[in-house]
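Structure assessment
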Amino acid sequence: MPGPATPPAPGAGRFAPTPSGDLHVGNLRTALLAWLFARTTGRRFLVRIEDLDRARAGSADRQLADLRALGLEWDGPVVRQRDRLPLYDAAIDRLAGQGLVYECFCSRREIAEAASAPHGPPGAYPGTCRDLTPEQRAARRAAGRPAALRLRAGVETWTVHDLVAGDHTGPVDDLVLRRGDGTAAYNLAVVVDDADQGVDQVVRGDDLLSSSPRQAYLARLLGLPEVGYAHVPLAVNPHGARLAKRDGAVTLADLAVRGVGPPAVLGVLAASLGLAAPGEPVTSAGLLARFDPAALPARPWVVTADVLGAGPGQA
Ligand code: GLU
């Protein structure tokens, strides 16, 4: 007789910053949400440093220190993508074994020009190199063009379920798996990593909603489990543009200099999410009981110096 069924291993949520500079309050708000979603659903919360591409020295360590300062503790070791290159290679090999990978010799410019072709979704790769003959490929290689590897996609769209956006159907094209310089592409790495780390809940900024159909489709081709998504509204500046560091004092370090310490910033983030009254002292743990995904603000968070408590005109 089999024993009582073991409960399924709890899944995980994650925050996956690119270490290209300090996190700003918009990034920190997304991190807080990812932490709240994970912790209120019994999941582990993981942090992954996405350093395949742009990594600035010291940036990952400062990002981790900022998460800690806000009380967003994570489980297990922090994973860094640069330590995991064989995993990405293995995934590409698996796709190649199914005949789903081809070399692409197009330059960015050629793609931009060809992407205005009448077929396919706007901005999608038009398939220029998809059906090159072996002779054409050999000629391009001989010309010294480094080839990227692309997925031979079998669908034009894919649908994901998003806790915020609902069912979202978006374009899938022959996305890049490995860039011409040999670096694994973001879309591939994120899918491989999430599955490898047991992530089944992806909470991130809604600028990535349009990438999710490509990623979910790729996961399906790789035989990896589906993840649940929650793409959350971004922080914007008073002009409605996505918040950036040039918008002023928007990092923990900047705000600390102006006398707004991490607890006050956590309070501001909580208030922006309707989880606290303005100025109310809060702790990350104290927010868990208040968090209700259904009550998430649907609109972007407009960040002004005033909102940050840094005084008008200073941020
Ligand atoms: N590394 C990406 C970023 O910082 C996030 C990727 C993800 O959450 O899937 O924008």
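Predicted, not measured: the structure shown is a model, and the values here were computed from it.

Let us look at the overall build of the chain. A count of helices and strands for the chain gives 10 helices and 12 strands. For the chain, the C-alpha radius of gyration of 21 Å lies close to 20 Å, the compact-globule estimate for 315 residues. Taking the principal axes of its C-alpha atoms as reference, the chain extends roughly 70 × 65 × 35 Å. For the chain, the residues scored as buried account for 47% of the 315 residues in total.

So, on to empty space enclosed by the protein. Per the stated rule, a full pass over the model turns up 1 cavity of 30 Å³ or more. What the largest cavity holds in volume is close to 120 Å³. Contributing to the lining of the largest cavity are V191, D194, A195, V199, Q215, A216, A219, L224, P225, E226, V227 and Y229. Only α6 (186–196) and α7 (212–221) provide two or more residues apiece to the lining of the largest cavity. Split by residue class, the lining of the largest cavity holds 9 nonpolar, 1 polar and 2 charged.

Moving on, we get to the site of the ligand. Lining the immediate environment of the ligand, one finds R14, A16, P17, T18, E50, Y186, V190, R204 and L208. When the ligand is considered free in solution it has 300 Å² of accessible area, and contact with the protein chains removes 77% of it. In terms of residue class, the shell around the ligand is built from 5 nonpolar, 1 polar and 3 charged.

Within the open sheet, the 3 strands sit side by side as β4-β5-β8. Their pairing is antiparallel. If you trace the sheet from one side to the other, it starts and ends with β4 (101–104) and β8 (176–178), each paired once. Averaged over all neighbouring strand pairs, the angle between strand axes comes to 45°, with direction disregarded. Note: β4 against strand β5 (residues 148–151), 4 bridges, orientation antiparallel. Across the sheet, the residue bridging to Y102 is R150, located in β5.

Packing of α6 against α7 brings their axes to within 9 Å, and their N-to-C directions diverge by 55°. With respect to each other, α6 and α7 are oriented oblique. α6 and α7 meet at a crossing whose hand is right-handed. Every residue of α7 that contacts α6 at Y186, N187, L188, V190 and V191 is listed here: R214, Q215, L218 and A219.

Let's shift gears to the packing of aromatic side chains. Using the criterion set out here, one finds 2 aromatic pairs in the structure. Geometrically, the ring pair formed by W158 and Y217 is tilted, given 5.1 Å between the ring centres and 55° between the ring planes. Taken as a pair, W158 in strand β6 (residues 157–162) and Y217 in helix α7 lie far apart in primary sequence, 59 residues in all. Here W158 matches Y217 in class, with each residue buried. The lysine or arginine in question, R150, covers the ring of Y125, its NZ or CZ lying 3.5 Å from the ring centre.

When the UniProt feature table is mapped onto this chain, "binding site: L-glutamate" (unreviewed entry) is found at R14, F15, A16, P17, T18, E50, Y186 and R204. Looking at where P17 falls in the secondary structure, it is placed in the loop between β1 (12–15) and α1 (25–39). Once residues within four sequence positions are removed from consideration, P17 is found in contact with L23, V47, R48, I49, E50 and Q63. Following the sequence through the fold, E50 ends up in the loop between β2 (44–49) and α2 (59–69). For E50, a relative accessible area of 7% corresponds to the buried category. Leaving out residues up to four positions away in the same chain, E50 has contacts with A16, P17, T18, P19, Q81, Y186 and V190.

Our next topic: α1. The end-to-end C-alpha separation of α1 is 20 Å, in line with the 21 Å expected for 15 residues at 1.5 Å each. Counting buried positions over the 15 residues of α1 gives 13, a clear majority of the element.

Before going further, it helps to spend a moment on the environment of L287. With respect to the secondary-structure elements, L287 resides in helix α10 (residues 284–288). You can call L287 buried: its relative accessible area is 0%. Separated by 247 residues in the primary sequence, L287 and T40 have C-alpha atoms spaced 9.9 Å apart. Those residues in contact with L287, other than ones at most four positions away along the chain, are L32, L36, L266, A270, L275 and V282.

So, how was this worked out
- Residues numbered from 1 in each chain as written.
- Predicted model: local features only at pLDDT ≥ 70, side-chain atom pairs only at ≥ 80, totals over all residues.
- Heavy atoms only, no water.
- Helix = DSSP H or I, 4+ residues; strand = E, 2+ residues; numbered from the N terminus.
- Rg over C-alpha atoms; globule rule 2.2 N^0.38 Å.
- Buried < 20%, exposed > 50% of the residue type's maximum accessible area, 1.4 Å probe, protein only.
- 1 Å grid on protein atoms, 1.4 Å probe; cavity = no way out; pocket = protein on both sides within 12 Å on 5 of 7 lines; lining within 4 Å.
- Points joined across faces, edges and corners; volume = space filled by probe spheres on them.
- Nonpolar A, V, L, I, M, F, W, Y, C, P; charged D, E, K, R; others polar.
- Near = heavy atom within 4 Å.
- Areas by Shrake-Rupley, 256 points an atom, 1.4 Å probe, with all protein chains shown as cover.
- Pairing = 2+ DSSP bridges.
- Axes fitted to C-alpha atoms, helices over the stretch in contact; angles between N-to-C directions.
- Parallel < 35°, antiparallel > 145°, perpendicular 65-115°, else oblique.
- Left-handed = near helix turned anticlockwise from the far one by under 90°.
- Contact = heavy atoms within 4.5 Å.
- Phe/Tyr/Trp six-rings, centres within 6.5 Å; stacked < 30°, edge-to-face > 60°.
- Lys NZ or Arg CZ within 6 Å of the ring centre and 35° of its normal.
- UniProt positions renumbered as here; feature names shortened; annotations may be inferred.
- Expected span 1.5 Å × (residues − 1).

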